[in-house]
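Summary of the model geometry
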Amino acid sequence: MQTELFSRSKQRFSDAPGDDIALVVPGLVHAVLDGATDPTGKKYNGESSGRLAARSAAQALVSLLLEKGPRVDMAQVGDALSQAVAKAAQQVGATHPPSTTLAAAITCPDGFRLVLIGDSGIRLNGSELFQNDKLIDDVSASARIAVRTRLAGRISDFDKLEIIGRRISYAGLDAAVDDGILTTVEADAVQGEVIARFAPLLGTYCDDLEGFLRGGIRVQPRFANDALHPLGFASINATPPQGFGITDQFVDCADCQSLEIFSDGYYGLPEGNRVANWETRFDEIEEEDPHKIHAFPEVKGSSSTEFSDDRTVLCLYRC
């Protein structure tokens, strides 16, 4: 199969690498790993904790497949990658828990094994989508947009509005009140709106939703790899991946004309299956909803200096 790869940091005017890692080993595996953004901005030997996690997991995946073959048990995949991330974090003394996703097409003698851990995605033959979006991200996006709506009337600078919105998403509503960004009444109103929307999905876990909104994304790791909680999500970090967000699907070679493997920095799917199609669709969405508050609600929006996220797409197709 022919291969095309494109990877772009969220930084508009810098060549510094982002948190995504693309893995291309013909005959073995093609993958995209999206390291979680470190909100502290700290670097370890020049790497963010997200990129450290993605790189370490990618290296571990290659070693595992070379040793065990393409049919290696899914639990072994998760354990090996998480152990590699935990070891790398310990070696550098990472203060923010490194984690990453995985979307991989593992080459088998008779086809491809599609493996997902987290919310990166794979599209088969330009039509069949494999992607596991996280409920907790929908909650964060909803809260961010509710906060932004209240701040927009008194902050006209879009970049400043984005920076403040990201800070509140990370630190939570309590911190926004303590910093004087929101009043207690405003914070309570945001919390009420979000809880009203998501409470039917959480049932007896609704109290945890309030705690998450008050504490922000910084407390999100408590839900990682919690297989029982509705806010739980599978993640490659220091613990074995489990719960929502794990896919292990085989595709016969005869049924596979194209594969597109991508990180969640792309917010809509293109008509075609080449890199140029993905970038054209990305540009269209940036024009339509740059702040990611309307048709494409997200945890972060774009600013004049940053896109909302790193983005990577790996396209495989038959000529």
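Look a little higher up for the structure.
Below you will find a few notes about this structure.

Thresholds, definitions, all that
- Residues numbered from 1 in each chain as written.
- Predicted model: local features only at pLDDT ≥ 70, side-chain atom pairs only at ≥ 80, totals over all residues.
- Heavy atoms only, no water.
- Helix = DSSP H or I, 4+ residues; strand = E, 2+ residues; numbered from the N terminus.
- Buried < 20%, exposed > 50% of the residue type's maximum accessible area, 1.4 Å probe, protein only.
- Contact = heavy atoms within 4.5 Å.
- Areas by Shrake-Rupley, 256 points an atom, 1.4 Å probe, with all protein chains shown as cover.
- Phe/Tyr/Trp six-rings, centres within 6.5 Å; stacked < 30°, edge-to-face > 60°.
- Lys NZ or Arg CZ within 6 Å of the ring centre and 35° of its normal.

On to the overall build of the chain, then. In terms of regular secondary structure, the chain is built from eight helices and twelve strands. With the C-alpha coordinates of the chain rotated into their principal frame, the extents come out at 60 × 40 × 40 Å. Out of the 319 residues belonging to the chain, those deemed buried represent 52%. A sequence separation of at least 24 residues applies to 67% of the contacts in the chain between residues at least 6 apart. For the chain, the accessible area works out to roughly 14,100 Å², and carbon and sulfur atoms hold 51% of it.

Right, let's get into the packing of aromatic side chains. With the rule as written, the count across this model stands at five aromatic pairs. Between Tyr266 and Phe282, the ring centres sit 6.0 Å apart and the planes meet at 80°, which makes this aromatic pair edge-to-face. Of this pair, Tyr266 sits in the loop between β11 (258-262) and α8 (275-288) while Phe282 is found in helix α8, placing the two residues 16 residues apart along the sequence. The class for Tyr266 is buried, based on a relative accessible area of 5%. An aromatic cluster is defined as three or more aromatic residues linked by ring pairs; in this entry it consists of Phe262, Tyr266, Trp278, Phe282 and Phe307. Its guanidinium or amino end placed over the ring of Phe233, Lys134 lies 5.2 Å from that ring's centre, counting from NZ or CZ. Over the face of the ring belonging to Tyr317 we find Arg274, whose NZ or CZ atom lies 3.6 Å from the ring centre.

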